[in-house]
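Coordinate analysis (summary)
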Amino acid sequence: MLPGQAAVVTGAAQGLGYAIAKAYAAAGMRLALMDLRGDILERVADELRADGGDVLPLTVDLADADATQSAIDAALAEYGPPRVLVHNAALLITRSMSEITFAQWQREINIILQAAFILSKAVWRPMIDAGGGSIVYLSSGSGYKGFIEEVAYNPGKHGIEGLMKCLALEGKAFNIAVNAATPGAPINTPMSDSNYTDAQKQFWVDPQLLAPAFVFLARQDASGLTGHRVAARADGSWDAVDLL
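Here's what I pulled together on the structure shown here.

Definitions and cut-offs
Residues numbered from 1 in each chain as written. Predicted model: local features only at pLDDT ≥ 70, side-chain atom pairs only at ≥ 80, totals over all residues. Heavy atoms only, no water. Helix = DSSP H or I, 4+ residues; strand = E, 2+ residues; numbered from the N terminus. Rg over C-alpha atoms; globule rule 2.2 N^0.38 Å. Buried < 20%, exposed > 50% of the residue type's maximum accessible area, 1.4 Å probe, protein only. Contact = heavy atoms within 4.5 Å. Salt bridge = Lys/Arg side-chain N within 4 Å of Asp/Glu carboxyl O. Phe/Tyr/Trp six-rings, centres within 6.5 Å; stacked < 30°, edge-to-face > 60°. Core = buried A, V, L, I, M, F, W, Y, C linked by side-chain atoms within 4.5 Å. Expected span 1.5 Å × (residues − 1). Axes fitted to C-alpha atoms, helices over the stretch in contact; angles between N-to-C directions. Parallel < 35°, antiparallel > 145°, perpendicular 65-115°, else oblique. Left-handed = near helix turned anticlockwise from the far one by under 90°. Nonpolar A, V, L, I, M, F, W, Y, C, P; charged D, E, K, R; others polar.

1. A closer look at the overall build of the chain
- When you go through the chain residue by residue, the secondary structure sums to eight helices and eight strands.
- Relative to the compact-globule value of 18 Å for 244 residues, the chain shows a C-alpha radius of gyration of 17 Å, a close match.
- Looking at the chain residue by residue over its 244 residues, the buried ones come to 51%.
- Residue pairs in contact within the chain that sit at least 24 positions apart in sequence constitute 67% of those at least 6 positions apart.

Dropping the structure here:
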């Protein structure tokens, strides 16, 4: 089902996004990869191409609405309707309410939630015309719990789960699955390194171990799993909670 089909993955230069991109390339998918770090993204593209992958690297600041639209337009022009869109990119900088500025708050929200809307809006009609597809938003514990000093990230992840629920209901008529995915364990990523405690780092795992859940999600449409929060596990399994 996946070989030859297209995937769009944001935040693909490092961490979990990179692991997902590698898993999709191994499954024979064509990849449109987005990240702010164009230098690292180009190296990822070269690595995947060396293994026979078809990769379009797109350097983009997902906090910028126009740049986000241009990037997804380029992906659609290159590959057509994607089988799966994975919006993994996010920014987490812990600040108190007293410290954070509106510009800082808005940047984190835009990368998480504004970009999710723009990307999903862009692929929605192409997925309908293609007969279905899968949209996956990266959530976290911050999508359903509160954490101190996550003044922007926390509401952004709550918002992403709200958007997922809404689109999962609407997508049923069009055979589009929409799910939220969470790491089922602390993972070793650059963002985690900046925010995890030393105790959490004792138990973190390689993001590659979580990739099988995202291959599973790429195969979904509305006849399968949709409207769920899926926790990817380090043993390659996953748990799914119906949120509809």
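2. Section: the pattern of salt bridges
- By the definition in use, this model includes eight salt bridges.
- One salt bridge connects Asp 39 with Arg 37, and the closest N-O pair in it is separated by 3.0 Å.
- We classify Asp 39 as partly exposed; its relative accessible area is 40%.
- You can call Arg 37 partly exposed: its relative accessible area is 39%.
- Among the ionic pairs, Glu 161 bridges to Arg 229, the shortest N-O distance being 2.7 Å. Taken together, the residues span a long stretch of sequence, with Glu 161 in helix α5 (residues 153-171) and Arg 229 in strand β7 (residues 228-232) at a distance of 68 residues.

3. A closer look at the packing of aromatic side chains
- One pass over the full model with this rule turns up two aromatic pairs.
- With centroids separated by 6.2 Å and ring planes inclined at 20°, the aromatic side chains of Phe 102 and Trp 105 adopt a geometry described as stacked. Taken as a pair, Phe 102 and Trp 105 lie in helix α4 (residues 102-130) at a separation of three residues, close to a single helical turn.
- Take Phe 102: its relative accessible area is 57%, and that puts it in the exposed class.
- When its relative accessible area of 30% is taken as the criterion, Trp 105 is described as partly exposed.
- Summarising the aromatic geometry, the rings of Phe 216 and Trp 238 are spaced 4.3 Å apart at their centres and angled 25° between planes, so their arrangement reads as stacked.

4. Describing the nonpolar core
- If you look at the biggest cluster of nonpolar residues, it comprises 38 residues, and the most contacted ones within it are Met 34, Ile 72, Ile 135, Tyr 137 and Val 178.
- Those elements that place two or more of their residues in this core are β1 (6-10), β2 (30-35), β3 (54-59), α3 (65-79), α4, β5 (133-138), α5 and β6 (176-183).
- Ranked by residue count, the leading element in this core is α4, at 10 residues.
- Counting residues in hydrophobic clusters, the runner-up holds 34 residues, among them Tyr 24, Val 55, Val 84 and Ala 232.

5. Considering helix α1 (residues 15-26)
- The terminal C-alpha atoms of α1 lie 17 Å apart, and with 12 residues this matches the ideal 16 Å at 1.5 Å per residue to within 8%.
- For α1, the set of buried residues is Gly 15, Leu 16, Gly 17, Ala 19, Ile 20, Ala 21, Ala 23 and Tyr 24.

6. Some details on the packing of α4 against α5
- Relative orientation of the contacting elements α4 and α5 amounts to 15°, with a least axis distance of 8 Å. By the angle class used here, α4 and α5 are roughly parallel. The hand of the α4/α5 crossing is right-handed. Residues Trp 105, Glu 108, Ile 109, Ile 112, Leu 113, Ala 116, Phe 117, Ser 120 and Trp 124 of α4 touch α5, and the partners they reach there are Tyr 153, Pro 155, Gly 156, Lys 157, Gly 159, Ile 160, Leu 163, Leu 167, Glu 170 and Gly 171.
- By residue class, the composition of the contact of α4 with α5 is 12 nonpolar, four polar and three charged.

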